[in-house]
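Letter by letter, the chains look like this.
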Amino acid sequence: MGKTARSRRLGETEAQAVIRNLRISPQKLGLVAETIRGRPVGEALITLAHSRRRIAGDVRKCLQSAIANAENNHELDVDRLVVAEATIGKGLVMKRWRPRARGRVGRVMKPFSHLTIVVRERAKGA
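Now for a quick tour of the structure. Keep in mind that what you see is a predicted model, and the values were worked out from it rather than measured.

## Some points on the pattern of salt bridges
Overall, the coordinates contain 5 salt bridges when judged by the stated rule. Residue Asp 77 pairs with Arg 80 through a salt bridge whose shortest N-O separation is 3.8 Å. Through salt bridges with shared partners, one network takes in Asp 77, Arg 80 and Glu 121.

## Quick notes on the pairing of strand 2 (residues 81-99)
Here strand 2 runs beside strand 3 (residues 105-121); their pairing, made up of 16 bridges, is antiparallel. Residue pairing in the sheet places Ile 88 in a bridge with Leu 115 of strand 3. Linkage of strand 2 to strand 3, two consecutive antiparallel strands, is achieved through a turn of 5 residues, within which Arg 102 is found at a positive phi near 60 degrees.

## Quick word on the sheet that holds strand 2
The strand order 1-3-2 describes an open sheet built from 3 strands, whose pairing is antiparallel. Of all strands in the sheet, those with a lone pairing partner are strand 1 (14-22) and strand 2, marking the two edges. Direction aside, neighbouring strands of the sheet carry axes that sit 10 degrees apart on average. Judged from the 7 bridges that link them, strand 1 and strand 3 form a sheet pairing that is antiparallel. Following the sheet pairing, Val 18 is matched in strand 3 by Thr 116. The strands touched by helix 1 (residues 26-34) are strand 1, strand 2 and strand 3; relative to strand 2, the strand with the most contacts, the crossing angle is about 160 degrees.

## Describing the packing of helix 2 (residues 41-49) against helix 3 (residues 56-72)
One way to put it is that helix 2 packs onto helix 3 with a least axis distance of 9 Å and a crossing angle of 160 degrees. One way to sum up the angle between helix 2 and helix 3 is to call them roughly antiparallel. Between helix 2 and helix 3 lies a crossing of left-handed hand. Counting all contacts with helix 2, which are made through Val 41, Ala 44, Leu 45, Leu 48 and Ala 49, the residues of helix 3 involved are Ala 56, Val 59, Arg 60, Leu 63, Gln 64 and Ile 67. Looking at the contact of helix 2 with helix 3, its residues break down into 9 nonpolar, 1 polar and 1 charged.

## Things to note about helix 3
Counted at 1.5 Å a residue, the expected span for helix 3 with its 17 residues is 24 Å, and the 24 Å between its end C-alpha atoms agrees. Its buried side turned inward, helix 3 meets strand 1, helix 1, helix 2, strand 2 and strand 3.

## Regarding the side chain of Ser 25
Positionally, Ser 25 belongs in the loop between strand 1 and helix 1. Residues contacting Ser 25, with those up to four places away along its chain left out, are Pro 111 and Ser 113.

## Re the nonpolar core
Core analysis: the biggest nonpolar cluster contains 27 residues, and Ile 36, Val 59, Leu 63, Ile 117 and Val 119 have the highest contact counts within it. Counting residues per element, the ones that place at least two in this core are strand 1, helix 1, helix 2, helix 3, strand 2 and strand 3. With 7 residues, helix 3 is the largest single contributor of residues to this core. Excluding residues within four positions of it along the chain, Val 59 makes contact with Leu 29, Val 32, Ile 36, Leu 48, Leu 115 and Ile 117.

Calculation notes
Positions within a chain are numbered from 1, following the residues in the order the chain's sequence is written. The predicted origin of the model limits local features to residues at a pLDDT of at least 70 and limits the giving and counting of side-chain atom pairs to 80 or more, whereas totals for whole chains, interfaces and linings rest on all residues. Processing note: side-chain calculations cover all non-hydrogen atoms of the structure and skip hydrogens and water entirely. Salt-bridge detection follows one rule: a side-chain nitrogen of Lys or Arg within 4 Å of a carboxyl oxygen of Asp or Glu. Criterion used throughout: strands pair if DSSP finds at least two bridges between them. Counting from the N terminus, the helices are the DSSP runs of H or I reaching at least four residues and the strands are the DSSP runs of E reaching at least two. Axis lines are fitted to C-alpha atoms, over the contacting stretch for helices. Their N-to-C directions set the angle, which ranges from 0 to 180 degrees. Contact between two residues is taken to exist if any of their heavy atoms lie within 4.5 Å; hydrogens are not considered. Each angle is binned into one of four classes, with values under 35 degrees roughly parallel, values over 145 roughly antiparallel, values of 65 to 115 roughly perpendicular, and all other values oblique. Left-handed describes a crossing whose near helix is turned anticlockwise from the far helix by less than a right angle; the clockwise case is right-handed. The residue classification treats Ala, Val, Leu, Ile, Met, Phe, Trp, Tyr, Cys and Pro as nonpolar and Asp, Glu, Lys and Arg as charged. All others, Gly included, are polar. Between the first and last residue of a helix there are one fewer steps than residues, each counted as 1.5 Å, and that sum is the expected span. The term nonpolar core refers to a set of buried residues drawn from Ala, Val, Leu, Ile, Met, Phe, Trp, Tyr and Cys, joined through side-chain atoms within 4.5 Å. We call a residue buried when its accessible area falls under 20% of the maximum for its residue type, exposed when it is over 50%, and partly exposed in between, using a 1.4 Å probe and counting protein chains only.

Here you go:
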């Protein structure tokens, strides 16, 4: 006896990719995700390739994975794909400390983030 199949959360013309536990704060990751939302995937890849932010490479990998999922798993046309959603989630936060003056301690928070990219195929007339 196997598990029953889950219903598909996304539409028929959508595919997604998820990266969990990226070692960057959600606020900084959101700045990079904002640059690709709503753009065609070719333009989004070029934008990420020329970005100077450190995390842009990981976002680019996630976008390429979403494109590959759309092409291989859902038989969508790559030339008509658009970045429909790029959502950021808060992950765990490692708490560290640094010694400060007079025997005190300074807290250092090291946040992690989750990134979900959903690509959607445009209609033929659009």
